[in-house]
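# Chain and residue survey
These are the residues of each chain, in order.
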Amino acid sequence: MTDRIVLAYSGGLDTSVAIGWIAEATGSEVVAVAVDVGQGGESLETVRQRALDCGAVEAYVADARDEFAEQYCMPALKANALYMDAYPLVSAISRPVITKHLVAAAQQFGASTVAHGCTGKGNDQVRFEVGIQTLGPELKCIAPVRDLALTRDKAIEFAERHELPIETTKSNPFSIDQNVWGRAVETGFLEDIWNGPTKDVYDYTEDPAFPPAPDVVGITFDAGVPTAIDGRAVTPLEAVEELNRRAGAQGVGRIDIVEDRLVGIKSREIYEAPGAMALIAAHRELENITLEREQARFKKTVDQRWTELVYDGQWYSPLKRNLDTFVDDTQQYVSGEIRLRLHAGAAVVEGRRSETSLYDFNLATYDTGDAFDQSSARGFIDIFGLSAKVASEREQRLHGRPDLSGVDSLEQ
């Protein structure tokens, strides 16, 4: 029986050529797997037929948009996931869902190997292969670009020689990855980090320098997940898509960053994530009024570690699973409504309300009705500062008073 290899298939030049390239290099049959995570473009049926026309023996296609939004984007939202405080894990969270479908297809079609189109310099090779090895330890992995020397020039020559039904062009200078959570752009003139991005870099967002009238949107959350926009019930996918449109029209979510890749190099990336950034801004503010102080402080540490794990391709790791449990537990009372003002590249919180809020007006007010017992403050301060006071007394006893000569003299 001829061995089979499952290929992560996008429908583009490189992966279309990879079908025949892998078959010639390995003697194996190729099963193409295309997963829709909201990247847009051609229909899945068109992509499926192209894979067959390019030599695949089977073509597996999956509409995973709802699955992606519910099971991958929403956990990232609950964790306020921003790598280096900027990148909302656009590509990083799509790889685990694609990986899951690749492994499922390998098991369904009896393949021993999974192939992907990543280079040897990026993060995605790690994300795919670690995920594949975790879900299917019996599977091997290959990367035609990295392992079989499939360059862009060779891909174009191969496609033309075999008359494959795919456009062969070098016109696009960028490497682009996009899904419903956002869009990532790299390479080309962007590799010179002194160069500013030009208008043709962007697609999900309009120029924030020329915004339309402000757009005020109300986002309702239930246990950390958006369930309604302006009072209208939405699914997670619908929430992200609507905010992509509305926040994108205001230029919200443009990110220009030199980030630390997992493989040890720094890489300049341009991201567009209008829906993700608007939702994270709203979710963070709702947490501000519903999480207890120490819980909120510790969650920031957990959120950062969760984000780093996912960025590093550890979606299916034991620690990531443990942190999921903590994050989900913190979301028990993260319910309510946030009013966001979208305008000129910014998503600004203007209002917040929640039945589970810890904000108490009577404790917070300085006006009549103040329920805070201010007489308790003096004793609290004495005890809170006691350890620092005792340590300072020891310091002065052994080394004298601190030198305050640099302080300006008080005027007489």
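Residues numbered from 1 in each chain as written. Predicted model: local features only at pLDDT ≥ 70, side-chain atom pairs only at ≥ 80, totals over all residues. Heavy atoms only, no water.

We now examine a nonpolar patch on the surface. On the surface, Leu262, Val263 and Ile265 cluster together to form a nonpolar patch covering roughly 190 Å² of accessible area. Secondary-structure assignment places Leu262 in the loop between strand S11 (254–260) and strand S12 (266–272). (Patch = residues over 30% accessible without salt bridge, like charges linked within 9 Å, V, L, I, M, F, W, Y side chains within 5 Å. Areas by Shrake-Rupley, 256 points an atom, 1.4 Å probe, with all protein chains shown as cover. Salt bridge = Lys/Arg side-chain N within 4 Å of Asp/Glu carboxyl O. Helix = DSSP H or I, 4+ residues; strand = E, 2+ residues; numbered from the N terminus.)

Attention shifts here to the packing of aromatic side chains. Counted under the stated rule, the structure contains ten aromatic pairs. Measuring from ring centre to ring centre gives 5.6 Å for Phe174 and Phe189, while their planes differ by 65°; the resulting arrangement is edge-to-face. A residue pair is termed long-range when its members are at least 10 positions apart, and Phe174 in the loop between helix H7 (152–161) and strand S6 (175–179) and Phe189 in the loop between strand S7 (182–186) and strand S8 (215–222) qualify at 15 residues. Among the aromatic side chains, those forming a connected cluster through ring pairs are Phe68, Tyr72, Trp306 and Trp315. Lying over the aromatic face of Tyr202, Arg254 brings its terminal NZ or CZ to 3.6 Å of the ring centre. (Phe/Tyr/Trp six-rings, centres within 6.5 Å; stacked < 30°, edge-to-face > 60°. Lys NZ or Arg CZ within 6 Å of the ring centre and 35° of its normal.)

Turning our attention to the nonpolar core. The biggest cluster of nonpolar side chains holds 79 residues, and the ones touching the most others in it are Val6, Phe68, Leu89, Ile93, Trp181 and Trp306. Setting aside chain neighbours within four positions, we find Ile93 in contact with Phe68, Tyr72, Cys73, Ala76, Trp181, Val310 and Trp315. (Core = buried A, V, L, I, M, F, W, Y, C linked by side-chain atoms within 4.5 Å. Buried < 20%, exposed > 50% of the residue type's maximum accessible area, 1.4 Å probe, protein only. Contact = heavy atoms within 4.5 Å.)

Helix H5 (residues 124–135) packs onto helix H4 (residues 94–109) with a crossing angle of 45° between their chain directions and a minimal axis gap of 9 Å. It follows from the interaxial angle that H4 and H5 lie oblique. Our pair here, H4 against H5, has a crossing hand that is right-handed. Mapping the contact onto sequence places Arg95, Ile98, Thr99, Lys100, Leu102, Val103 and Gln107 in H4 and Asp124, Arg127, Phe128, Gly131, Ile132 and Leu135 in H5. Looking at side-chain class alone, the contact of H4 with H5 contains six nonpolar, three polar and four charged residues. (Axes fitted to C-alpha atoms, helices over the stretch in contact; angles between N-to-C directions. Parallel < 35°, antiparallel > 145°, perpendicular 65-115°, else oblique. Left-handed = near helix turned anticlockwise from the far one by under 90°. Nonpolar A, V, L, I, M, F, W, Y, C, P; charged D, E, K, R; others polar.)

A word on the environment of Ile176. Along the chain, the position of Ile176 falls in strand S6. What makes Ile176 partly exposed here is its relative accessible area of 35%. Non-local contacts of Ile176, meaning those with residues more than four positions away in its chain, are made with Arg183, Ala184 and Val185.

The subject of this paragraph is unusual backbone geometry. Unlike most non-glycine residues, Met84 shows phi in positive territory, near 55°. Its location among the elements puts Met84 in the loop between helix H3 (65–78) and H4. Residue Met84 is classed as partly exposed on the basis of its relative accessible area of 36%. Phi is positive for Ala149, which is not a glycine, with a value near 55°.

It is worth spelling out the environment of Arg246 at this point. As for its placement among the helices and strands, Arg246 is situated in helix H8 (residues 236–249). The buried category is assigned to Arg246, whose relative accessible area is 18%. When the C-alpha atoms of Arg246 and Gly275 are compared, they prove to be 8.1 Å apart, with 29 residues separating the residues in sequence. Once residues lying within four places of it in the same chain are set aside, the contact partners of Arg246 are Asp215, Val216, Val217, Ile229, Asp230 and Leu342. Within the local environment of Arg246, its side chain forms a polar contact with the side chain of Asp215, the two groups lying 2.9 Å apart. Reaching out from Arg246, the side chain makes a polar contact with the side chain of Asp230 at a distance of 2.9 Å. (Polar contact = N/O pair within 3.5 Å; in protein donor to acceptor, adjacent residues only side chain to side chain.)

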